[in-house]
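Descriptive structure summary
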Amino acid sequence: MTAKGRVFANPTWKVASPVVSVLIPFLRDDPSTLLTLLNEEAGAVDGSVEVVVLDDGTRDPELTKRLTAVIKGMTLPARLITLPRNEGRSIGRNRLATAARGGSLLFLDSDMRPDYRRFLRDWADLVAREDPPVAFGGISLLQAPVEPRFAVHRAMATKSECVPYTVRARQPEKYVYTSNLLVRRDVFAAEAFDPGFTGWGWEDVEWAMRVSQRFRVLHVDNPATHMGLDTVSDLAGKYEQSAPNFARVVDRHPAIVSTYPSYRAARLLKRLPAWDAAAPAAAGGRDRGIADRDAGLFAAPVPGGPLCRGDRVTPEPYSADPGLGAKLRRRYARLVHRRPARLNLDRPTVSFTFDDAPASAASAAAILERHQARGTYYLCAGLFDETGHMGRYINAAEAADLAARGHEIGCHSFGHVDAHRTDGEALLDDSGRNVAALTALGGSARHFAFPYGEVSPAAKARLADRYGSLRGVHAGLVREGSDLNQLPAVGIEGDDGEAVARHWIDRAVETGAWLILFTHDVSDKPSPWGCTPEALDRLAAHARDAGCDLKTVGQVLDR
Ligand SMILES: [Zn+2]
């Protein structure tokens, strides 16, 4: 359980009867500057605001001494609680609330800096005027460092957190961050932070899920700058640590997470940057991109179904891990081991690709040929002639025939192993076998598609040397500079597959980009991962009519 903390209060603490309590938790950080800034407003708030600072287990006697001196000299009533060991942000916030005396609690992170000199007074005025259940003041980057190494975090924060209050107010429950958040005491008593969360991440999301269902969330323009930008590797480390917390969110709110997947996923994913201009959010639930294993990043908090392993096991139906944690993982993978594309397209270009591939997809080759086009088949030699959920897979003779007709034979993995769940040596081994088998049939085996769309930075790094490109399944267009190690692709699959693909063809035409389409079986009664021959034919015709080049992946990249 929780240990007793050491408490220090300054002289003005005892005589104050504050309305607002500013609660500042920190770990391995020095909140002195923030305290000094807040104290400059002491005269303006006239005893109505107090400050409670919680050292959540930094265990630095020098820092404690320094802070004690700062607090002792403050005019604002202030109190320092020093914990002997880290208890996590949820317990820390609950402790702060217990130590506070005001009717409203202002949670303020130690790396925040008020943007205006009326910061405390505006909060105190708001409480006096409206006494809102929950109010968020906003986050900015006004005073934050501009060094390039923080560019990723800056981009993330700009997109997801630093939103003007007029915009926040339109979707009040969407923007609740505990870094500058006012919570009325009775609201906090009704919905405290879940002490099951330890370490960094997700506890505020979980809290906001509960609170926004019961109370009004007000948005005001009283921002503070988030000074603590992280480098990419620091961010990665934090996300890695946060996986168990994420699992807890899913565990506690399965209904919320599953009932509103796109809304919630979008909200959670807003904490990571979107790198593709054509953001996958446009494709709704179709974001089945990439992932990482190597640094143990995002160690799958949401278990997926059993995935095929070994050499001659037929894969489960197409199923990237749909969990939000996996989505974050795939998004993170897009940031690393990038290899920028040099395309030199003559005109908008569309590639038709087939994964696995079921024998019915081989018969679709004739459709493409009628449009003077060829397809790219990402094959698993380990599946030749096996039978799976989408029927029989292509065999060696059919693959050789496709290659002879000018279609491209690319690589999936030999045994359809999931690159995210296969360790490095085994992955290279598997890939080597597939390349050997497919080149023996006359295929180029130059380009690769990740089975299940599951990617990891480790897999990207390993496979990048072996292949000319690596393709995922996150929707998007390929442009100059897009990542060859994680090419986006749009699925022609499911009931709306043709409509979605047509929409993306039009986007490629508008922007002169390259669109890679993928499907699996091509039959009159396709599986949920395939399409009909007619749909394929109409899409090829549409792309031609719209002025697109129809090329294989190799024809685009290997010229
Ligand atoms: Zn596959």
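Everything quoted here is computed from the prediction, not taken from an experiment.

Parameters at a glance
- Residues numbered from 1 in each chain as written.
- Predicted model: local features only at pLDDT ≥ 70, side-chain atom pairs only at ≥ 80, totals over all residues.
- Heavy atoms only, no water.
- Helix = DSSP H or I, 4+ residues; strand = E, 2+ residues; numbered from the N terminus.
- Buried < 20%, exposed > 50% of the residue type's maximum accessible area, 1.4 Å probe, protein only.
- Contact = heavy atoms within 4.5 Å.
- Areas by Shrake-Rupley, 256 points an atom, 1.4 Å probe, with all protein chains shown as cover.
- Donors = N, O, S within 2.8 Å, 3.2 Å for Na, K, Ca; no water.
- Pairing = 2+ DSSP bridges.
- Right-handed = clockwise from strand over helix to strand, strands pointing away.
- pLDDT = per-residue confidence, 0-100.
- Axes fitted to C-alpha atoms, helices over the stretch in contact; angles between N-to-C directions.
- Salt bridge = Lys/Arg side-chain N within 4 Å of Asp/Glu carboxyl O.
- Phe/Tyr/Trp six-rings, centres within 6.5 Å; stacked < 30°, edge-to-face > 60°.
- Polar contact = N/O pair within 3.5 Å; in protein donor to acceptor, adjacent residues only side chain to side chain.

**Quick notes on the overall build of the protein**
- Scanning the protein from terminus to terminus reveals 22 helices and 21 strands.
- When each of the 559 residues of the protein is scored for burial, the buried share is 59%.
- Of the contacts formed within the protein by residues at least 6 apart in sequence, a portion of 81% connects residues at least 24 apart.
- Here the protein displays about 21300 Å² of accessible surface, and carbon together with sulfur accounts for 52% of that area.

**Quick word on unusual backbone geometry**
- Residue aspartate 356 is joined to alanine 357 through a cis peptide bond whose omega torsion reads -15°.
- Within the secondary structure layout, alanine 357 lies in the loop between β12 (349-356) and α15 (359-363).
- Of note, tyrosine 452 is a non-glycine position whose phi angle comes to about 60°, a positive value.
- Positionally, tyrosine 452 belongs in the loop between β17 (447-449) and α19 (457-464).

**Observations concerning the coordination of the zinc ion**
- Protein-derived coordination of the zinc ion comes from Asp356 (OD), His412 (NE2) and His416 (NE2), at a distance range of 2.0 to 2.2 Å.
- Summarised as a motif, the one-chain spacing of the donors to the zinc ion is D-x55-H-x3-H. Each member of the pair, histidine 412 as well as histidine 416, is classed as buried.

**Brief notes about the pairing of strand β4 (residues 78-82)**
- Among the five residues in β4, four count as buried, and that is most of the element.
- Here strand β1 (residues 6-9) pairs with β4 via four bridges, running antiparallel. Pairing of alanine 9 across the sheet is with arginine 79, part of β4.
- Across five bridges, the pairing between strand β3 (residues 49-55) and β4 is parallel. What sits directly across from valine 52, in β4, is arginine 79.
- Between the parallel elements β3 and β4, the chain passes through helix α4 (residues 61-72) in a crossover that is right-handed.

**Quick word on the confidence of the model for the protein**
- When the pLDDT values of the protein are averaged, the result is 82; 82% of them are 70 or greater.
- Confidence drops under pLDDT 50 across residues 259-318; counting only partners more than four residues distant or on other chains, this segment forms 197 contacts.

**Some remarks on the sheet that holds strand β7 (residues 134-136)**
- Read from one edge to the other, the open sheet built from eight strands follows the order β1-β4-β3-β2-β5-β9-β7-β10, with strand pairing classed as mixed. The sheet terminates laterally at β1 and β10 (217-219), the two strands that pair on one side only. Each adjacent strand pair in this sheet contributes to an overall mean axis angle of 20°, direction not counted.
- As paired elements, strand β2 (residues 20-26) and β3 share seven bridges and run parallel to each other.

**Describing the pattern of salt bridges**
- All told, the structure shown has 23 salt bridges when counted by the stated rule.
- The salt bridge partner of arginine 118 is aspartate 125, with a shortest N-O separation of 4.0 Å.
- Here aspartate 549 and arginine 347 are joined by a salt bridge, their closest N and O atoms 3.1 Å apart. Remark: arginine 347 occurs in the loop between α14 (324-333) and β12 and aspartate 549 occurs in strand β21 (residues 549-550); sequence separation between them is 202 residues.
- Shared partners join several salt bridges into a network, and the residues in it are Glu191, Glu206, Arg210 and Arg214.

**Observations concerning the packing of aromatic side chains**
- Taken as a whole, this structure holds nine aromatic pairs when the rule is applied.
- Their ring planes at 20° and their centres at 4.7 Å tell us that phenylalanine 354 and tyrosine 377 sit as a pair that is stacked. Taken as a pair, phenylalanine 354 in strand β12 and tyrosine 377 in strand β13 (residues 376-379) lie far apart in primary sequence, 23 residues in all. For the pair phenylalanine 354 and tyrosine 377, a shared accessibility class is recorded, and that class is buried.
- An aromatic cluster is present here, built from Phe107, Phe188, Phe193 and Trp207 joined pairwise through their rings.

**A word on the environment of threonine 178**
- Positionally, threonine 178 belongs in the loop between α8 (165-170) and β9 (180-184).
- In this structure threonine 178 comes out as buried when scored by relative accessible area, which is 2%.
- For threonine 178 and glycine 138, which are 40 residues apart along the polypeptide, the C-alpha to C-alpha distance reads 10.0 Å.
- If near-sequence neighbours (up to four positions away) are discounted, threonine 178 is found in contact with Arg93, Phe107, Leu108, Asp109, Phe193 and Asp204.
- A distance of 3.2 Å separates the side chain of threonine 178 from the side chain of arginine 93, its partner in a polar contact.

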